[in-house]
Amino acid sequence: MIDITRMNGKSFTLNSDLIEIVEESPDTVVTLTTGKKIIVKESRQEIKNLVKLYRKEIFQNI
């Protein structure tokens, strides 16, 4: 799970396993496996880094 911010400033937690595509055009649009699209403040690279950090946390304890 990663914490990201909608364009209206409200933060939320997203299950990163549901992310299918992250695009910048120029806003960052996260497309989920369900087809839902969410516009967020974080950049594509920031989301990528958050997902990598989250997965490192999970797998370091295995």
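Right above here is the structure, for reference.
Residues numbered from 1 in each chain as written. Predicted model: local features only at pLDDT ≥ 70, side-chain atom pairs only at ≥ 80, totals over all residues. Heavy atoms only, no water.

Draft legend 1. Molecular detail of the pairing of strand S2 (residues 11-14). Side chains Phe12 and Leu14 project from S2 onto a buried face, and the interleaved Ser11 and Thr13 project onto a face without burial. Pairing of strand S1 (residues 2-5) with S2 involves four bridges; the strand directions are antiparallel. Its bridge partner lying in S2, Ile2 is registered against Leu14. Where S1 folds back onto S2 in an antiparallel hairpin, the turn is made up of five residues, including Gly9, whose phi is positive at roughly 95°. (Buried < 20%, exposed > 50% of the residue type's maximum accessible area, 1.4 Å probe, protein only. Helix = DSSP H or I, 4+ residues; strand = E, 2+ residues; numbered from the N terminus. Pairing = 2+ DSSP bridges.)

Draft legend 2. Examining the nonpolar core more closely. Among the nonpolar cores identified, the biggest contains eleven residues, and these are Ile2, Ile4, Phe12, Leu14, Ile19, Val30, Leu32, Ile38, Val40, Ile47 and Val51. When contributions to this core are tallied by element, the ones reaching two or more residues are S1, S2, strand S4 (28-32), strand S5 (37-40) and helix H1 (44-59). (Core = buried A, V, L, I, M, F, W, Y, C linked by side-chain atoms within 4.5 Å.)

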